[in-house]
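Read off the chains here:
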Amino acid sequence: MLAIAIVGGGHAGLQLGIGLLQHGYAVTLATDRTPEEVRTGRILSSQGMQHSALQHERDLGLGFWDDVAPRHDFIAFGLRGEDGGRAVSWQARVARPGNSVCQRLKIPRWTDELVRQGGVLEIGAVDIAALERLARRHDLVVVATGKGELGRLFPRDAARSPHARPMRALALTYVAGMAPARPERGVNFNAAPKIGEYFVMPAITTTGACEIMVFEGLPGGPMDCWDDVTTPAQHLARSKAILERFFPWEAARCRHIELTDENATMTGRFPPTVREPVATLPSGRAVLGIADVVMLNDPLTGRGSNNASKYAAHYLDRICARGTAPFDRVWMRETFETYWAARGRMITEWANRMLEPPTPVMQAIVHAAEHDARIAAHFVGCFDDPTGVHPWLFDRAAAEAMFGPLPDVAH
Ligand SMILES: Cc1cc2nc3c(=O)[nH]c(=O)nc-3n(C[C@H](O)[C@H](O)[C@H](O)COP(=O)(O)OP(=O)(O)OC[C@H]3O[C@@H](n4cnc5c(N)ncnc54)[C@H](O)[C@@H]3O)c2cc1C
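Residues numbered from 1 in each chain as written. Predicted model: local features only at pLDDT ≥ 70, side-chain atom pairs only at ≥ 80, totals over all residues.

### What to know about the domain arrangement of the protein chain
Then comes step 1: Along its sequence, the protein chain is organised into domain 1 (3–62 + 102–163 + 272–354), domain 2 (72–100 + 167–268) and domain 3 (360–403).
Then comes step 2: Look at where the C-alpha atoms of domain 1 and domain 3 centre, and you get two points 31 Å apart.
Then comes step 3: Listed as interface residues are 10 residues of domain 1 and, on the opposing side, 8 residues of domain 3.
Then comes step 4: With 5 residues, the single largest contributor to the side of domain 1 that touches domain 3 is helix α9 (residues 329–354). (Domains from an automatic or database assignment. Contact = placed C-beta atoms within 7 Å. Helix = DSSP H or I, 4+ residues; strand = E, 2+ residues; numbered from the N terminus.)

### A short note on the environment of threonine 267
Then comes step 1: By the element assignment, threonine 267 lies in strand β13 (residues 265–268).
Then comes step 2: What makes threonine 267 partly exposed here is the crowd of 16 C-beta atoms within 10 Å.
Then comes step 3: In the structure, threonine 267 is positioned 52 residues away from phenylalanine 215 in sequence and 9.1 Å away in space, judged by C-alpha atoms.
Then comes step 4: Contacts of threonine 267, omitting those with residues within four sequence positions, involve Leu170, Ala171 and Trp226. (Buried ≥ 20, exposed ≤ 12 C-beta atoms within 10 Å, placed from the backbone.)

### Considerations on the environment of alanine 179
Then comes step 1: By the secondary structure assignment, alanine 179 is in the loop between β8 (169–176) and β9 (186–192).
Then comes step 2: A residue is classified by how many C-beta atoms lie within 10 Å of it, and alanine 179, with 11 of them, is exposed.
Then comes step 3: Linking alanine 179 and cysteine 254, residues 75 residues apart in sequence, is a C-alpha distance of 6.6 Å.

### Regarding unusual backbone geometry
Then comes step 1: Between histidine 390 and proline 391 the backbone carries a cis peptide bond, its omega angle lying at -5°.
Then comes step 2: As for its position among the elements, proline 391 is in the loop between α11 (373–384) and α12 (396–403).
Then comes step 3: In the Ramachandran plot, glutamine 47 falls in the positive-phi region, its phi being about 40° despite a non-glycine side chain.
Then comes step 4: Along the polypeptide, glutamine 47 turns up in the loop between α2 (35–39) and β3 (48–49).
Then comes step 5: Of note, lysine 194 is a non-glycine position whose phi angle comes to about 70°, a positive value.
Then comes step 6: Looking at where lysine 194 falls in the secondary structure, it is placed in the loop between β9 and β10 (196–205).

### Concerning the packing of helix α3 (residues 51–59) against helix α8 (residues 304–321)
Then comes step 1: Put simply, α3 and α8 touch, their axes get as near as 9 Å, and they point 50° apart. As far as their axial angle goes, α8 and α3 are oblique. Like other packed secondary-structure pairs, α3 and α8 cross with a definite hand, here left-handed. On α8, the residues touching Ala53, His56 and Glu57 of α3 are Asn306, Ser309, Lys310 and Ala313. (Axes fitted to C-alpha atoms, helices over the stretch in contact; angles between N-to-C directions. Parallel < 35°, antiparallel > 145°, perpendicular 65-115°, else oblique. Left-handed = near helix turned anticlockwise from the far one by under 90°.)

This is the structure:
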């Protein structure tokens, strides 16, 4: 039986590990926190996911929250105008619903599942020496440590990483008591040009149903305003203040919100970074990176959890197809590059370009979607299948070939 070690028990590591167990591999998963520590710890993400990424989880029997997590039936878009009101507003139903299951629920439950299905769980932070030990004892080591320090073993790919600095100041707030925007449930995405973005979605967390508020402020701008916040109560107050000032149509929903728990807040920033997929240990052995280790995108387009799922599914297929042949460097690189060509490049390019000021064609599309349901539907569909973004979102001729003449708009 081939033995595979996975370092990092987050989304990608656990999904891949459980998939490998179901295909007859011996799996050791080494991670730095116990399931209980994750469950009772700080929130980690807004983890909004769309249908096809969720389907990979369901294929492994991991969709434990399908009946209880609020469905995301639509995605809505609002654009702040120069007068401070909502200049553009549209929404489209998604073909099949998405959801958001708090990682404080998903990760502990999946960890228990990995052990139940025969995986060996090792708790403790893995360093280079520990990685060497794992590499000696296993046929393949996959590093799934997300934004953790260990990922720096994998050299940054400058050609695929256009932004060297963080492009947004991030904040998350999990709340209860938010008034619904409409009878049906979904994701509301709002943009304030030159200031930042705010999106909000229903989810399930450790205390039950909630709404997740995600703030993306341009560095140095008025939404980059979290450094002096020291308590959860201040964080909630700042969240509301941002909405009152920049997204008043969303503030109206938030008169009675409360934090879901004391760990329901988070702030941070990081540069979006693509790394080489293969790292070399001091012994000369090679290890393979996955998901955020290799493709870390800003959450603005909500790609990371979706990517972790699709990425894990791709690696599972590649490992199973390899049979008993060795997992050498050539195979490792090809395993990443086939994912990059099929999805990774498009996901990354979309995420990175949305961090830049919108181009005239993007502005035209966003305005046109208000009056053309086909454009709104196509845009919304791209969240499930980001390959649909190319080339129309970046190329006026391609967009007009699909949907006819676009308006000229400039902010
Ligand atoms: C503010 C914010 C909002 C987001 N919103 C969304 C969204 O709406 N939709 C979406 O699709 N994505 C979203 N994401 C991204 C998504 O959460 C991540 O991309 C996804 O969790 C990455 O999965 P992963 O398995 O690569 O890493 P992770 O899930 O981060 O897992 C890494 C694991 O490795 C462990 N670890 C780290 N270092 C070590 C070590 N040395 N030894 C052992 N274990 C270690 C960690 O504890 C962790 O358990 C968001 C991210 C942020 C920051």
